[in-house]
Amino acid sequence: MNDASATVANVNVSVAKSAPKSATAVAYAVATKGAVARQLGLNRAALEANKFEGKVGQSLAVPNADGVAYAIGIGDPDSINITAVRRAAADFARAAAQHAEIAINLADLGHLDAKEAGQAVAEGVLLGSYRYVGLKGDQSIGSKLVSATVVAGDKRVKAVQQGVERGVIVGVAASYARELANTPPSYLNAKDIAAMAVALAGDAGLEVEVFNKDQLVAMGCGGMIGVNAGSTEPPRMVKLSYSPKNVPKHTKVAHLAMVGKGVMYDSGGISLKPSNPSHVAMKMDMSGAAAVLSAMSVLKAMKCKTKVTAWLMCTDNMPSGSALKLGDVLTMRNGKTVEIHNTDAEGRLVLADGLSLAAEEAPDGIIDIATLTGSALAALGTEIACVLGTNQPFVEQVKACAETVDEAVWQLPMATAEYRKLLDSVVADMRNIGGPYAGTITASIFLSEFTGDVPYAHLDIAGPMEKQSDGGLYAKGASGFGTRLLIDLACNFTAPE
């Protein structure tokens, strides 16, 4: 298939002291109180008469002789933050999607850090303008945006420019993750995503190793082999390694490991999923691997100072005469045996092998990301991911990064003492499900059995993996959730106690 990055919008984001005359759509920040930019041509009373109050998420188009001026709501001026700026930039980019050149003044709010504001605006513009065009005959449905100018005053231009450069890198990475997860499964299988990882590794400063089925068998990766047993498509495990350059001598470099669930299509196996809508969404069951690959691809550009090693665990989960059966027992990479009680609880099986391999390298922390359990969706809905872990300082780092990038997470308890017994098996070390309740927690307990003594955090993104409509930072379809969080975590990671 074609490289998914080819269809990610290529928007030139630059910084200037004023909006260029060629911009046919210009955004002006409007708070819920205070002065209104005269360039809008409307005063506050006129704005309110058009039901625009300056709240975050509101926008109003005002046609003029040069094109369109947009009032973009940024909320209470006393509590405007980077999150509001990022979301407002996305709202504007979406509203002005049919304009080729736009300008936006949201980075020039003086009380905000200029670099952070520049990054937020660039991210918002790229995320808000993203559309999946894919296989549609009418390619014109995508955003027409080609150029975006971020307006900043004399004293802020340099710092805003630095932020914009980082925001473009992050925004493109998140869009790439969306593109991968939106791609139909017949156009993106395990071999394809492995080839894409190899193709981008050189420019991204990554070392890459790809492991085929025979190698996985030899390595004792029973989870990967078991889940793949019913598929005609062979599995692939991809290992990506990033090492920072120009590190001063005698400096201890922290080492972070990432493991991404890459089930390219999940039918449920013999435990077939119950509905067509659930089947349609399962091309996105590789969203964790997409997020990890996209995050790894930009660590060099972000000048990340952390050593990062990643594993993409990629396979289909299909029903056939050779498929994994209920009652089968698999031997995982770390030697533990697992009795299968539900073949639709397959993500934890492939992750177990990846986590075992990650733990063998004794990093300072391991994080996995997966569209893992329906229980996570039931617990927190479609806007918030679950985070659980074995080391609270590490979990706090993950939560802090989530808040910084505006990808909401909520911590659930690991509760091993209370619920580990639900995984007990008569014939094996454990079984792969724990019963009808607390499914996210029991899945996390299962995974923690493969991380040894390494500080561990688990992100279950089953809820926010997909959006049903355009809004905020997201377009309808795959969300790319977790990509920006992983980038921020890698760039700011410190070895937890």
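Criteria and thresholds
Residues numbered from 1 in each chain as written. Predicted model: local features only at pLDDT ≥ 70, side-chain atom pairs only at ≥ 80, totals over all residues. Heavy atoms only, no water. Helix = DSSP H or I, 4+ residues; strand = E, 2+ residues; numbered from the N terminus. Buried < 20%, exposed > 50% of the residue type's maximum accessible area, 1.4 Å probe, protein only. Contact = heavy atoms within 4.5 Å. Phe/Tyr/Trp six-rings, centres within 6.5 Å; stacked < 30°, edge-to-face > 60°. Lys NZ or Arg CZ within 6 Å of the ring centre and 35° of its normal. Axes fitted to C-alpha atoms, helices over the stretch in contact; angles between N-to-C directions. Left-handed = near helix turned anticlockwise from the far one by under 90°. Nonpolar A, V, L, I, M, F, W, Y, C, P; charged D, E, K, R; others polar. Core = buried A, V, L, I, M, F, W, Y, C linked by side-chain atoms within 4.5 Å. Pairing = 2+ DSSP bridges. pLDDT = per-residue confidence, 0-100. Patch = residues over 30% accessible without salt bridge, like charges linked within 9 Å, V, L, I, M, F, W, Y side chains within 5 Å. Areas by Shrake-Rupley, 256 points an atom, 1.4 Å probe, with all protein chains shown as cover. Salt bridge = Lys/Arg side-chain N within 4 Å of Asp/Glu carboxyl O.

Engineer: So what exactly am I meant to see when it comes to the environment of A23 here?
Structural biologist: Secondary-structure assignment places A23 in the loop between β1 (12–16) and β2 (25–31). When its relative accessible area of 6% is taken as the criterion, A23 is described as buried. Taking the C-alpha atoms as reference points, A23 and V11, twelve residues apart in sequence, are found 14 Å from one another. Residues within four places of A23 in sequence aside, it is in contact with D66, E101, I102 and A103.

Engineer: How do you make sense of the packing of aromatic side chains when you look at a structure like this?
Structural biologist: Within a pair of aromatic rings, the relevant descriptors are the distance that separates the centres and the angle that separates the planes. Across all of its chains, the model carries three aromatic pairs by this definition. Where Y70 meets F92, the ring centres are 5.4 Å apart and the plane angle is 65°; that geometry is what we call edge-to-face. Residue Y70 is located in strand β4 (residues 67–75), and its partner F92 is located in helix α2 (residues 82–95); the two are separated by 22 residues in the primary sequence. Each member of the pair Y70 and F92 is classed as buried. Between F394 and F493, the aromatic rings sit 5.8 Å apart at their centres with planes inclined by 75°, giving edge-to-face as the arrangement. One end of the pair, F394, is in helix α12 (residues 392–405); the other, F493, is in the segment after α15 (483–492), with 99 residues separating them in the sequence. For F394, a relative accessible area of 0% puts it in the buried group. The positively charged end of K467 is found above the aromatic ring belonging to Y474, 4.7 Å away from the centroid.

Engineer: I keep staring at α15 and nothing clicks. Help me out?
Structural biologist: Helical geometry note: an α-helix holds 3.6 residues per turn, so side chains three or four residues apart project in the same direction. Burial analysis of α15 places eight of its ten residues in the buried class, which makes it a mostly covered element. Within the span of α15, buried status applies to T483, R484, L485, L486, I487, D488, L489 and A490.

Engineer: Which parts of the structure should I look at to understand the packing of helix α3 (residues 114–129) against helix α4 (residues 157–182)?
Structural biologist: When two helices pack together, their arrangement is given by the angle between the helix axes and by the axis-to-axis distance. For the pair α3 and α4, interaxial distance at closest approach is 6 Å and the crossing angle is 30°. Of the two possible hands of crossing, α3 and α4 adopt the one that is right-handed. Tallied by class, residues from the contact of α3 with α4 come to eleven nonpolar, seven polar and four charged.

Engineer: Looking at this structure, I do not really get the nonpolar core. What am I missing?
Structural biologist: Side chains of a nonpolar character, in soluble globular proteins, are inclined to be buried together. By size, the foremost hydrophobic cluster in this structure holds 71 residues, and its most contacted members are L240, M258, L293, M296, I367 and V398. Apart from the residues lying within four places of it in its own chain, the contact partners of V398 are I367, V387, A457, L459, L485 and L489. Judged by nonpolar contacts, the second largest core, of 44 residues, contains F211, A257, V259 and F446.

Engineer: Looking at this structure, I do not really get the sheet that holds strand β3 (residues 59–64). What am I missing?
Structural biologist: With respect to topology, six strands assemble into an open sheet ordered β1-β6-β5-β2-β4-β3, the strand pairing being mixed. Across the chains shown, the open sheet's two edge strands, defined by having one partner strand only, are β1 and β3. Direction aside, neighbouring strands of the sheet carry axes that sit 25° apart on average. Pairing between β1 and strand β6 (residues 147–151): five bridges, direction parallel. Bridge assignment links N12 to a residue of β6, and that residue is S147. Against the sheet, α2 contacts β2, β3, β4 and β5 (101–104), and its axis sits at roughly 155° relative to β4. Against the sheet, α4 makes contact with β1 and β6, and its axis sits at roughly 170° relative to β1, the strand it touches most.

Engineer: Could you clarify how one ought to interpret the confidence of the model for the protein in this entry?
Structural biologist: Any region with low pLDDT has predicted coordinates that should not be read closely. Mean pLDDT for the protein: 94, with 98% of residues reaching 70 or above. Low pLDDT, under 50, characterises residues 1–7; the predicted model gives this stretch twelve contacts beyond four residues in sequence or across chains.

Engineer: For this particular structure, what's the right way to read the pairing of strand β9 (residues 255–266)?
Structural biologist: The side chains of a regular strand alternate, first on one face of the sheet and then on the other. The buried fraction of β9 amounts to twelve of the twelve residues, a majority that puts the element mostly inside the structure. As paired strands, β9 and strand β13 (residues 365–370) are joined by five bridges and run parallel to one another. Of the residues in β13, the one forming a bridge with V259 is D368.

Engineer: Sorry, what's going on with a nonpolar patch on the surface here?
Structural biologist: On the surface, V329, V426 and V427 cluster together to form a nonpolar patch covering roughly 310 Å² of accessible area. For V427, the position within the fold is in the loop between α13 (416–419) and β16 (430–431). According to the relative accessible area criterion, V427 is exposed, its value standing at 56%.

Engineer: Help me understand the pattern of salt bridges, please; the structure alone is not making it clear to me.
Structural biologist: Scanning the entire structure with this criterion turns up 22 salt bridges. One salt bridge in this structure joins K399 and E396, with 3.4 Å as the shortest N-O distance. Linking K399 with E396, this pair stays in helix α12, spanning three residues, or about one helical turn. For the salt bridge of R484 with E407, the shortest nitrogen-to-oxygen distance reads 3.9 Å. Highlighted residues: R484 in helix α15 and E407 in the loop between α12 and β15 (409–411), separated in sequence by 77 residues.

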